[in-house]
Each structure stands twice: as C-alpha cells, then as structure tokens.
Protein chains: 2
Amino acid sequence: MSTPENGGAVYRRYLSAVMLHGHAGAKAVGMGATDLYALNVLGLGGSMTPGELGRRTGLTTGPTTRLIDRLEQAGYVRRVPDPDDRRKIIVELVARPGGLDEVLAPARQKIGAIVQGYSPEQQAVLFDYFARAADAYLDATTELHDKRA
Amino acid sequence: MSTPENGGAVYRRYLSAVMLHGHAGAKAVGMGATDLYALNVLGLGGSMTPGELGRRTGLTTGPTTRLIDRLEQAGYVRRVPDPDDRRKIIVELVARPGGLDEVLAPARQKIGAIVQGYSPEQQAVLFDYFARAADAYLDATTELHDKRA
DNA sequence: CCTAACCTCTTCCTTAACGAAGAGAAATCT
DNA sequence: AGATTTCTCTTCGTTAAGGAAGAGGTTAGG
C-alpha cells in the first residue's frame, strides 16, 4: 500500500497514467494532439469564439479555422452564429456517440468503482481534492502560457 | 464545495486540467505530443529497447529512431548498449535540468501544498486513490491499445 | 560454418499541421 | 454616411512527423 513517504513517486505514476490514457484514447479515435487540447480547452472554458480558442491553444487564425473544421467534421463541435455580433461565431461542444468520451468511458467507470469503495467522508476528501487540484493546475497552466508570450 | 452529487463534473474538470497542464508544459519546452507520450511510457515502463518503445507508442521503426533522436538531442534520454545482446540498445530516462520536469514543478508544489493541508488519514486516502487509479488507467490504456491492433 | 532470424538505423515519399499575409463581412467611431 | 477596427476564413509556402522498404551488423539454429 502506498504511504505519504513515497507519495511523490505514486503521484507521478498516477499523472503519467492519466496523460497516457488521454493520449491513447485520442489516438484510438484518430485525433491529433492539438485537437485533444482544444477539446479540453472547450470543456473547461465553455463555448467560445474561434479567436479565443486560437489564443488559448497558441495558434494563429489559419490553423485555428482548420482545427475547428476537423473537430466539426468529426462531430465533436458545432459552429453557431453569435446573435449579438454577426461577425463572430461560437464554437460549442457537442455530445458525440462513439467519440472520445465513449472511448474513455470504461476507464471512468473503473475510477467510479474505486471512488465508491470509499466511505462518504473519504469520498468528500477526494472530491475536495479534485476541485482544488483542478484550480491549481489551471493556474499553473496560465502561468506557463504567459511565460511563452 | 464539491460533493459526490456533482462528482462527475468535478472529476472531468480535474482530468481536463491535468491533461491541459501536461500538454502546455510540453509545448513550453518545445516538445511534441508523441515525445511527451514516449517520455510517459518510459517513466512508467522503465528503460526499454527502441523496438519496445515503438510498439508502445504505435510507431514503426523509422519514426521511432527519430523520436529517440529528438529526445536524446534534447537531453531527456540516453542510448545505452545492451550488454547481453549487441544488436540491442536500451533507452533510458535522464534527469534534465531545465527540462519538462522543472517546468512542471511549480504545479506539483501547489499540489503538494494542497495535499499537506489534509490530515494524515485523509492523505492516506488520497495516496491510496492515486495508486489504485493509476492501475485502472494503465489497464484501460492497454485495452485501448489492444483494440487498435 | 553458414543460413535464417532479429534489431536498429537510413532513405525516400507522402501527409498533416502551422505561420504569414490578405480578402470579405460586420460592427464601431467620428 | 464614411473610415477604421475587428472577426473569420482562404491561400500559399514551409516544416515536422509518419509509413514503407531496405542496408548493416548480431545472434541463434541446422
């Protein structure tokens, strides 16, 4: 069993496994790395314009258009006109049968089973951690992004 | 605060944040997606031959050679001759100052601080979860990989 | 021994993705 | 109203990455 003493190693292994799994899933549905990245950006940031998506993915306008083309053609995303500004377009996620979400679902079920093996109090600790850690990672990611600019 | 009721959403957000952060870090040090993937494979599986690495990354021999070339030139990896079989080469990870690990370190420190905010019993729950979840993800990744073959 | 199998690397070709620059359409400002 | 700014999209050229096929060196089996 793992203890806080070897926590660093345990955590690193966990992170690697998560990243590996995400990447493998993307590959299994024939998706490139930038596409997966963009999907995560949309999942976290909600619907946004191509310009905003390009900014957050670090792409210029040309590749951004084609990134959205790919995602739209694959059915992950939809282009919706902005009612307030007719120059703009809003890119929004779309539930896609047979898509990445379904490919990744088996793993999430396993995780769900693991989590349910804990007591309610323990589960509360886990979910509290998830929420806090997500914020920390998003902060750190923003810093990474700023450093590049 | 998060509760098990909205646990699915919380967890998805957490996963997206982790993946986003890894990808952003890789980009910040000028590393492609496959390179990051290979680094994770090596971190999880330990040193291995180019053939094995190629198999696990889903690459043929040509791109595998150049993948290792890139990683070696960037200082993340080292080629060592296999003492038992002189046809073989062993690729092993190398600690790299200024590399991906250091770029990602600030986030890990934040995570460390979060974890230390919990009681010892709660920390034990977290580390237990990390270990179990890593196994689950690795299993699921293997299944993904097999499905493609 | 000497042939067959194995492992890595090299070479050539194709494909995919990105950046830069500019066109077209719509909103904002004077 | 007219000019400027702001979006998105298109096009062109470049670069990076992957697949296929074969060469060179090494081990294993007849």
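Residues numbered from 1 in each chain as written. Chains lettered and ligands numbered in written order. Predicted model: local features only at pLDDT ≥ 70, side-chain atom pairs only at ≥ 80, totals over all residues. Heavy atoms only, no water.

*Asks:* Could you give an account of the protein's contact with DNA strand D, with specific residues and numbers?
*Replies:* Close contacts around DNA strand D come from 22 residues, with Gly51, Thr61 and Arg87 of chain A together with Thr34 and Arg66 of chain B the closest. Take Pro50 of chain A: an N or O atom from its main chain is 3.4 Å from a phosphate oxygen of DNA strand D. A distance of 3.1 Å separates a phosphate oxygen of DNA strand D from a polar backbone atom of Arg86 of chain B. Elements with a contribution of two residues or more to the surface near DNA strand D: helix H3 (50-57) and helix H4 (61-73) of chain A together with helix H4 (61-73) of chain B. If you tally residues by element for the surface near DNA strand D, the top one is H4 of chain B, at five residues. Along the lines of polarity and charge, the residues of the surface near DNA strand D split into four nonpolar, 10 polar and eight charged. (Near = heavy atom within 4 Å. Polar contact = N/O pair within 3.5 Å; in protein donor to acceptor, adjacent residues only side chain to side chain. Helix = DSSP H or I, 4+ residues; strand = E, 2+ residues; numbered from the N terminus. Nonpolar A, V, L, I, M, F, W, Y, C, P; charged D, E, K, R; others polar.)

*Asks:* Can you explain the pattern of salt bridges? Please cite residues and give values.
*Replies:* One pass over the full model with this rule turns up 24 salt bridges over all chains. Asp101 of chain A serves as the salt-bridge partner of Arg12 of chain B, at 2.8 Å between the closest nitrogen and oxygen. Pair noted here: Arg12 of chain B is in helix H1 (residues 7-28) and Asp101 of chain A is in helix H5 (residues 100-116), and the two residues belong to different chains. With a relative accessible area of 39%, Arg12 of chain B lands in the partly exposed category. For Arg70 of chain B, the salt bridge is made with Asp35 of chain B, and the minimal N-O distance between the two is 3.0 Å. Placement of Arg70 of chain B in helix H4 and of Asp35 of chain B in helix H2 (residues 33-45) is noted, with a sequence separation of 35 residues between them. Using a relative accessible area of 8% as the deciding quantity, one classes Asp35 of chain B as buried. Bridged by salt links that share partners, the residues Arg12 of chain A together with Asp101 and Arg108 of chain B form one connected network. (Salt bridge = Lys/Arg side-chain N within 4 Å of Asp/Glu carboxyl O. Buried < 20%, exposed > 50% of the residue type's maximum accessible area, 1.4 Å probe, protein only.)

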